[in-house]
Amino acid sequence: MEQILINPDRCLSCHSCELACAVEHALSKELLAAVLGKESTKPRIFVETDGETNLPLQCRHCQEPMCVNACMTGALAKDSTTGKVLFHQDKCVGCWMCVMTCPFGAIEQDMSQKVISKCDRCPDREQPACADACPTGAIRYTKVADFAHDQRKHYLTNW
Amino acid sequence: MAYLILGNSAAGIAAAERIRQIDKNNSITILSDEPHAAYSRCLTSYYLGGQVTEQDMYLRANNFYQAMGISFQPNQKAAAVNPDKKQVVTNQDNIYSYDKLLIATGASANRPSLPGIESDGVFSLRTMDDAKAIEVACQSGRQAVVLGGGLVSLKVAAALNQRGMNVTVLVGSNRVMSQNLGDTAAALVEEQLAHIGITVKKGTRPVSIESDADGTVTGVKLRNGDVYQADLVIVGKGVRPNSSFLKETGLVNGGGEPLKVNRRQETALQNIYAAGDVALTYNILDENYSYSAIWPNALEQGGVAGTNMAGLTREYPGSIPMNSASFGGVPVIAAGITQPRAEGYTLIEEKDAKGNYRMLVLADGRLVGFTLFGDTSRAGLYTGIIKSRKQFPSDQALWQKPRNYLSLAGISTYQ
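Residues numbered from 1 in each chain as written. Chains lettered and ligands numbered in written order. Predicted model: local features only at pLDDT ≥ 70, side-chain atom pairs only at ≥ 80, totals over all residues. Heavy atoms only, no water.

1. Focus on the interface of chain A and chain B
How we decide: When checking whether two residues touch, look at their non-hydrogen atoms; a contact exists if any pair is within 4.5 Å. Here's the idea: put two parts together, see how much 1.4 Å probe accessible area each one loses, and the total over both is what we call buried area. Definition used for salt bridges: Asp or Glu carboxyl oxygen within 4 Å of a side-chain nitrogen of Lys or Arg. Polar contacts here mean pairs of N or O atoms no more than 3.5 Å apart (in protein, one a potential hydrogen donor and the other a potential acceptor; neighbouring residues in sequence count only if both atoms are side-chain atoms). Helix numbering and strand numbering both begin at the N terminus, where a helix is a DSSP run of H or I of at least 4 residues and a strand a DSSP run of E of at least 2. Residues were grouped as follows: Ala, Val, Leu, Ile, Met, Phe, Trp, Tyr, Cys and Pro as nonpolar; Asp, Glu, Lys and Arg as charged; and all remaining residues, including Gly, as polar.
Taken together, the contact between chain A and chain B spans 38 residues of the former and 35 residues of the latter. Overall, the association of chain A and chain B removes approximately 3100 Å² of surface from exposure, summing both partners, and the carbon and sulfur fraction of that is 61%. Our count for the contact surface shared by chain A and chain B stands at 2 salt bridges. Applying the counting criterion to the chain A and chain B interface returns 14 residue pairs in polar contact (both at pLDDT 80 or more). The set of elements that each furnish at least two residues to the side of chain A that touches chain B consists of β2 (46–49), β3 (54–57), α3 (66–70), α4 (97–101) and α6 (149–157) of chain A. When the residues that make up the side of chain A that touches chain B are grouped by side-chain class, the tally is 22 nonpolar, 10 polar and 6 charged.

2. Here we look at the pairing of strand β24 (residues 357–363) of chain B
All names here are of chain B. Filter applied, for reference: Only protein chains enter the accessibility calculation, which uses a 1.4 Å probe; a residue is then buried when its area is under 20% of its type maximum, exposed when over 50%, and partly exposed in between. Pairs of strands are assigned from DSSP output, requiring at least two bridges between the strands.
With respect to burial, β24 is a largely interior element, 7 of its 7 residues being buried. Bridge analysis of strand β23 (residues 346–351) against β24 gives 6 bridges, and the strand direction is antiparallel. Paired with E350 across the two strands is R358, which belongs to β24. The hairpin turn running from β23 into β24, its antiparallel successor, is 5 residues long, and G355 in that turn takes a positive phi close to 95 degrees. Direction of pairing for β24 relative to strand β25 (residues 366–373): antiparallel, over a ladder of 7 bridges. Its bridge partner lying in β25, Y357 is registered against F373. Taking the residues between adjacent antiparallel strands as the criterion, β24 and β25 are bridged by 2 residues, where D364 takes a positive phi near 50 degrees.

3. Some points on the packing of aromatic side chains
Selection rule: Under the pairing criterion, centres of Phe, Tyr and Trp rings, with the six-membered ring standing for Trp, must be within 6.5 Å; the plane angle then separates stacked pairs below 30 degrees from edge-to-face pairs above 60, leaving the rest tilted. Ring-over charges, as used throughout, are those where CZ of Arg or NZ of Lys falls within 6 Å of the ring centre and within 35 degrees of the ring normal.
This model, assessed by the stated rule, comprises 5 aromatic pairs over all chains. Both rings, one in F104 of chain A and one in Y405 of chain B, keep their centres 5.3 Å apart while their planes meet at 20 degrees; by these two values the pair is stacked. One end of the pair, F104 of chain A, is in the loop between α4 and β6 (108–110); the other, Y405 of chain B, is in helix α11 (residues 405–408), on a second chain. Residues F104 of chain A and Y405 of chain B agree in their burial class; the two are buried. Plain terms: the ring middles of F64 of chain B and Y65 of chain B are 5.0 Å apart, the flat faces sit at 75 degrees to each other, and that makes the pair edge-to-face. Like Y65 of chain B, F64 of chain B is buried. An aromatic cluster of at least three residues, connected via ring pairs, comprises F64, Y65 and F72 of chain B. A cation over an aromatic ring shows up here: R358 of chain B above the ring of W399 of chain B, its NZ or CZ 3.7 Å from the ring centre.

4. Focus on the sheet that holds strand β18 (residues 272–274) of chain B
Residues and elements named next belong to chain B. Our working definition: All axes are obtained by fitting lines to C-alpha atoms, using only the stretch in contact for helices, and the reported angles, taken between N-to-C directions, cover 0 to 180 degrees.
As summarised here, the arrangement of the 5 strands in space is β3-β2-β1-β7-β18, forming an open sheet in which the pairing is parallel. Both edges of this open sheet fall to β3 (70–73) and β18, since each of them pairs with a single strand only. Looking at each pair of strands side by side, their axes are set apart by 20 degrees on average, direction ignored. In this sheet, strand β2 (residues 27–31) lies alongside strand β1 (residues 2–6) in parallel orientation, the contact comprising 5 bridges. Considered in β2, the bridge of I5 is made with I30. Sitting on the sheet, helix α1 (residues 10–22) is in contact with β1, β2, β3 and β7 (100–103), with an inclination near 175 degrees to β2.

Structure representation (structure tokens):
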């Protein structure tokens, strides 16, 4: 099972991940075309900063996702094989129950379409666009099994 | 080993799925008092408003029961439980045996004892069949009266409004959503309701439902003598747990009582569990059990019950009251304690130039409740720190934190 691993120590808040994410989720999947075509596309990853720490934040695809429990339509579901929290936009009615419960604040509201948007781990790519675009290795896409348990814990929690 | 689940909605389905994850072999049977495969009750008002189809309401794929190896028994309403024989008898006189039983029978709409409430054209909205019956009865341009100003009542009012009915909501208290919202937020919601053309009358006391010679509803009469003309009346006066069939087990004294459970969702009787709208919910804030019939609680409790039924050990982490709604496209989210009645709470609120409203209820540097109207973005950050009981240096310090993860949850909790 692959995971997006974040190392805030390495994040320079360059926002490359946000741009790459927005382009990947544009219909054309190309920056120039997206800009010229005036496509409305938004990133599903956001770099937060408080002056000391920079943190790229997106859906964590939680093991026990609060959003899936809160979703009253079945639009959000946990895929037990891939571990992804899948979003089926056609089932979303914009009730914002998931927005109310996600403790990471990682679910965006699209107020015009009345649906949510969130990280889908880039199903059309080998590895997510944010990890590809990150110039410092702050965002890495790795098989979790590649990490020894302790190392993984270190990576996730020790900064 | 035989698992028997009474109820085919959020808690029942969540439990069945969890049991099947853990126990691949033993039989799981789900009884439902309805004819339908599992559907989302919360979507009934969306169906009525024309935003979703019947097909959209079904929660799982058509082959769900078969694929999961679940025996689904529709139209089997539990009539009695015999804990000694480990059997459930249904209204159709069928007998089902169990080794582990989950009571997830949900709740039904309250029907106040108003004269005339049995008239044709008086409905509650709880089930898919209710939604379909109301759909048949509603006619564009005619008058609808909704009794009650709670969340479900307002959602139905908005749906009927969408269908072109002239809707009046009769509220007993001095504001809408009085269980969820304080005065300021309720007033903002009322503005939205007025904006989309729904009339709200507050402080009203209906005394009877009027009907014509055929028994068809014609209006609602108030204590002050006013009569509101109505071609359709919706009664939205809360719900009561479907527990009366358990009287002989001693789990409840009378009908309509919620079931007591522990953190493993076990009832007082061995091998009998309860979850969802039929049961009490462990509330993190008062560290006690209260009635909180909301979808996320039902799913989570169902999952916990299922885990324990299948032989693993799992405790329900507890919940807080919370709700989300939108009227006229403007969202409102309220969670935790939003109307502090005891001493020791600080309530801070602000309305910005764009009409967004934010209210936090704090106690000793901890967030215990919030309401967001308009800009509800990242509301879960607040829900998260209510649940984690995170301590800030002061109420004011917490109030001034921007709504982002680093400021509220903090990097040390990120994993």
